[in-house]
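Coordinate inspection notes
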Amino acid sequence: MERTASSGDRPTMRERFDRLTDAYRCFLTGSCPSQRAADVAGLILSGVCGLVPEDRARSLAEHCHGSSVELTCLSLTLVERITSRLTSRSLSPAVTLYCVEMLAVLFQDLDLMSHLIHQFQTEDQIISHLAAKTVSTCVFYQLHQSGAISPVWQQKCVRVFYSSPSGPELDACLWSLTEVLKRLLKGAHQDILGELLAALDSSLCALCSKFLPEERKEGAQCLVDVTSSRRWATTWCLLLDLLEVLTASSLTCAAGVCLKSQRITHTRSSALLTTVSGSSRYFVKKRALLLLKRALLQKAGEDWALGGSTGLRYKRFHSDMNMLAQSVLTAVTADWLQSVQVESASYFGGTRRVRGQEGQKPDCVMLRSVSLLLLKSVELHIQTAGATGVDSATEVYGYLQSLWGFLRRCGVQLTEVTHRCCWVGLLFGDQDDDMMEAAKALFSIFLHHRRCSGLDDLAVSEAACASGCNPHCHFLLLLQSISFDHSILLDFLISTETCFLEYFVRYLKYLRADWRGFAAACGRIGSPDGRLSPAASAGGDALKATYEGEPDQVEVSSCVRPTGVIPPAVTTRPAAGFHLVEYDSSDQSDPENMEVSQEEPGPSVCEKSRFSALDVKQELSGPPVPIGHRQYEPSASELNSALERRREGERASSCPTASGQLTCETLARAVICMSELREVVTRLQTKKLFPYNPSSLLKLLAQVQNCS
């Protein structure tokens, strides 16, 4: 009888659900619930822990509207919402006191954290994920309250990572750790971040050694075992997300010591490459490839790491980057590209299947990632290996040939273009940041080939066009794609989201020393058949092109755009923590050594000027307008001077043949575009509206204009 009475006094599951719902509504409206804080804490704990056996029997008889799963989800969501609001300090003082009292009861008296972590093991994926999300917010809340990481959660992660059982428990630990590390990186809690990673370092290395073994054969066998089920594929993606966070955290180590777990992406790069070629799940391949690309570009965590990197690097950073690059090149030499699978392009509805003769579009994200991964690896290799001579040039050319073969196999075809230099704009045209990185890497490859091949300038230019890495062609095709609009170049210069400033400065330094090659490239770009026109010779000598395309040259599918299409607008919001590259006077640069300083961070946009990029745009053209639709409107005097330059250019470049006229027109439009860019930058600098000091840039533009 006593047991029956006791059971009757306990609130039913429906009553608990209704009370928690009322409390949740009160918190949403910013008011305190009518119940005591301790009572609400007891209701939350009962929901998190689930039903006792007699409650479960009664719930079946009562047919209450709130099931056990719904009660648990509501309890977890309520705790997550309260801790998040307290951390962000968005509650009123009265509600804050109420919530602090309630959480003190939950964490100190009722040991809520242990019960939350226990939910990691549940087979219900929704509850397991909500528990991981709630634990992450609670860990960060306790960090703000006591300045320490929850020992219960930390010990749980260590134990699970060492045992690494398959199931929701490992997934929840991976997700919660990734979220906590992200929050620490965003909040610049470097000391706490270091302590947490030091405590988890050995367990993380043990976990990754099972997923990413060092031996290639062992790695291939491991991939077959762990990706055979859908659950393991999810675990793989969660692990790759964690590796990106760890890689991003290594960029904040400055000159300090970097832990082994923070270097896993670099030290286990060979195993990651095996994942790209051997995993049975396509989205796992894609995620691993993107991780490698971001690590090589030093852009890990760029989507959410608001603090940015310090610009300084840890002691073994350069050796780790070289290790990653060498792993890529070694894999390419071993025909890794032949085993990389590229499926058809997908959209929100799934994988698009096109009927008729149009065929299927290849996944351009994979194509761009593979191409950029190889190009940047080659760039790092030639910068650090110090190899010279014909053998080194032949080695680099072999890597490029492997890339062309990969693109051909994946259906990227170039029948619409006349030579291979067009492929950069075609493949990277809708991704400005990747396009600039590819152009910069190809420029370094070109300089290396020019230095090592032993050929004269004409032969070097022809060989560069044959291998698709002529920097003059790349720059002219970029100008052509933006209709020679200098205002879009200005947007690139102001934006901090691409490396255009560094690329542009390096190219201008080379352009002033090779104006003849630039004129020859204008002949190739202006000629309908892609051949060098005789009028393109700056010294009067006829330049003949030996490259007219190969029978099996690459063709362009519908996944890439023609070069005449204007690329999407460049976003110019200044990213917090990003620094513009600072370069010295152009007079101090050697034509053979055109590197722009990357080691020491330059002043940020905010430090250089009190005006933002938006101020610059409004000064140029009034209210902000998308770049694709906005045209710069010069003053009357500027318009007259531009027209006069055009007339002089037309008179000076009058050519007898049609191809010669196209050559001279391309050359004249390029010169006018850079001249107009120089004028508008000068005007903005005079009004102190330019976000950094462009003196060296203006000097280079003036020298290039004098060459014309």
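On a predicted model such as this, the values are computed, not experimentally measured, just so you know.

Residues shown with low pLDDT carry predicted positions that ought not to be read at fine detail. Across the chain, the average pLDDT comes to 76, with 69% of residues at 70 or higher. Long-range and interchain partners of residues 1–8, a stretch whose pLDDT sits below 50, account for 2 contacts in this model, where long-range means more than four residues apart. Taken as a whole, residues 530–636 scores under 50 in pLDDT and shows 228 contacts with residues more than four places along the chain or in a different chain.

If you walk through the whole model with that rule in mind, you get 16 salt bridges. Here Arg263 makes a salt bridge to Asp320, at a shortest N to O gap of 2.7 Å. Of this pair, Arg263 sits in the loop between helix H13 (230–250) and helix H14 (264–267) while Asp320 sits in helix H17 (residues 317–333), and the two are 57 residues apart along the sequence. The residues Arg263 and Asp320 share a single accessibility class, namely buried. In this structure, Arg294 engages Asp303 in a salt bridge whose closest nitrogen and oxygen atoms are separated by 3.8 Å. You can call Asp303 exposed: its relative accessible area is 58%. By sharing partners, the salt bridges in this structure join Asp241, Glu244, Arg287, Arg294 and Asp303 into a single network.

Before going further, it helps to examine helix H8 (residues 125–146). Three or four residues apart is the spacing at which side chains of an α-helix point the same way, because the helix has 3.6 residues per turn. End to end, H8 covers 31 Å across 22 residues, agreeing with the expected 32 Å (1.5 Å per residue, within 8%). By the N-cap criterion, in which a side-chain oxygen at the helix start approaches the backbone nitrogen of a residue two or three places on, H8 is capped by Asp124, the distance to Ile126 being 3.0 Å. Phi for Gly147, located one or two positions after H8, is positive at around 75°.

Below, the discussion takes up unusual backbone geometry. Positive phi, normally seen in glycine, also occurs at Asp111, with a value near 50°. Summarising the element assignment, Asp111 is placed in the loop between helix H6 (93–109) and helix H7 (112–118). A positive phi angle, close to 60°, is found at Lys688, a residue other than glycine. Looking at the secondary structure, you find Lys688 in the loop between helix H30 (658–686) and helix H31 (695–707).

The rules we used
Residues numbered from 1 in each chain as written. Predicted model: local features only at pLDDT ≥ 70, side-chain atom pairs only at ≥ 80, totals over all residues. Heavy atoms only, no water. pLDDT = per-residue confidence, 0-100. Contact = heavy atoms within 4.5 Å. Salt bridge = Lys/Arg side-chain N within 4 Å of Asp/Glu carboxyl O. Helix = DSSP H or I, 4+ residues; strand = E, 2+ residues; numbered from the N terminus. Buried < 20%, exposed > 50% of the residue type's maximum accessible area, 1.4 Å probe, protein only. Expected span 1.5 Å × (residues − 1). Polar contact = N/O pair within 3.5 Å; in protein donor to acceptor, adjacent residues only side chain to side chain.

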